[in-house]
Amino acid sequence: MLDIAIIGSGPAGLSAAINGVIRNKTVKVFGNDPTTSYIYKAEKVDNYLGMVGVSGKDMIEQFITHAKEIGVEFHTGKVIEIFPMGDSYTLNVENTFIEAKTIILANGITKERVLPGENEFLGRGVSYCATCDGPLYRGKTTVLVGDSEMAEEEVNYLAEVCEKVYYVPLYKNLEHIDSKVQIVIDKPVAINGDSVVTNLQLKENDLNVDGVFIIKQNIPTTQLLKDIELEDKAIKVNQFMETNLPGVYAAGDCTGRPYQVAKAVGQGTTAALQAVSYLHKHQ
C-alpha cells in the first residue's frame, strides 16, 4: 500500500512527490504524459524565481529529472475513480487497483461539463476506459468520444473487439485511426437509453449504439472522487490544502486561481507535508 498517491504530474504533483519522498514515504505519481500539459507548451516562463526566460518544456523536464533522481516513482495510466475504503483509498487505474493511505489531487484544470445522460448511464453503457470495458462489447456497436490524440489508442483497441466502432473526435489533426473505425465529425448532445444506453445523440445525427466511451485528458474531479467539495468549480481547500475528505489534499490549478507555477509548487509542498503529518497521526 502506498503512503501517498498523487494524481497529476505537473508542477504541483511533482513538488508534492519530491517532498513526500524526502520524508521517507512511499509515493507514486499517476498522470498523463507531461507533454500534454499547458505549461509544457509555454514558449517562455519569466515569473518563476531563479529560472528567468526558461521554456515550459525545459522547466517541466528539469522538474521531472529532479523527481526521478531522488526516487519518485511514476505510473503510466489514467486514474478512472477513487474509492474511500475506511482508513484508506483504492484507485482504479484502468482496471489496476492500487491502495493508498492518502491522496493528493494535483489534476489541473478539469472540465466538469458532462453530457445529459452521462452520469445516469455510467456503468450501464457509458465508460471512461476502453481497455477496461471494451471486452464487454465484443461483437457489438460502440462509439468513442475523444478530446485529444490520447483517445486514438483506445478507439483502435475497440476496433479489435467490436463489430462496429464510431469515433467522434473533439479535436483536429487526427493521426493514427484504424481503417475499421468510422469517423463522425459532429458534436455530442446527449446520451439516451432505457435501462441501458441505446443511442448517442449528435447535433446533426444520431448513432444507435450499445456503448458510449468518453475519453478525456482529465476525468472531472467530481467523477474521480465522489463527495469531494467544490467551490467556484475548483476543489475547496483550507490553508493546509486539506479537502473535506480525510487524508485527501489538493494542490495547484485544481484549487483555482491564480494559475501560476510558483503557487502550484508551494501548494504541492504544503499538501505533501500535511499528508506526512496525517500519516504520523494515524499510524
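In case you missed it, the structure is sitting above this.
Residues numbered from 1 in each chain as written. Predicted model: local features only at pLDDT ≥ 70, side-chain atom pairs only at ≥ 80, totals over all residues. Heavy atoms only, no water.

A. Spatial organisation of the pattern of salt bridges. Taken as a whole and judged by the stated rule, the model has seven salt bridges. A salt bridge links Asp 3 to Lys 101; its shortest N-O distance comes to 3.5 Å. With Asp 3 in strand β1 (residues 2-7) and Lys 101 in strand β6 (residues 96-105), this residue pair connects regions lying 98 residues apart in the sequence. Taking the relative accessible area as the measure of exposure, Asp 3 reaches 12% and is therefore buried. Here Lys 226 makes a salt bridge to Glu 81, at a shortest N to O gap of 2.8 Å. Of this pair, Lys 226 sits in the loop between α5 (221-224) and β15 (230-231) while Glu 81 sits in strand β4 (residues 79-84), placing them 145 residues apart in sequence. Owing to a relative accessible area of 42%, Lys 226 belongs among the partly exposed residues under this scheme. (Salt bridge = Lys/Arg side-chain N within 4 Å of Asp/Glu carboxyl O. Helix = DSSP H or I, 4+ residues; strand = E, 2+ residues; numbered from the N terminus. Buried < 20%, exposed > 50% of the residue type's maximum accessible area, 1.4 Å probe, protein only.)

B. Examining the side chain of Glu 118 more closely. Structurally, Glu 118 can be placed in the loop between β6 and β7 (126-127). With a relative accessible area of 1%, Glu 118 lands in the buried category. If near-sequence neighbours (up to four positions away) are discounted, Glu 118 is found in contact with Val 126, Tyr 128, Ile 191, Ile 214, Lys 216 and Gln 223. (Contact = heavy atoms within 4.5 Å.)

C. Focus on the state of the cysteines. Counted by the stated rule, this structure contains one disulfide. The disulfide partner of Cys 129 is Cys 132, and the gap between their sulfur atoms is 2.2 Å. Residues Cys 129 and Cys 132 are joined through a disulfide that is right-handed, its torsion about the S-S bond being 75°. By relative accessible area, Cys 129 is classed as buried at 2%. In this structure Cys 162 is a free cysteine whose sulfur lies 13 Å from that of Cys 129, the closest cysteine sulfur available. For Cys 162, a relative accessible area of 10% corresponds to the buried category. (Disulfide = S-S within 2.5 Å.)

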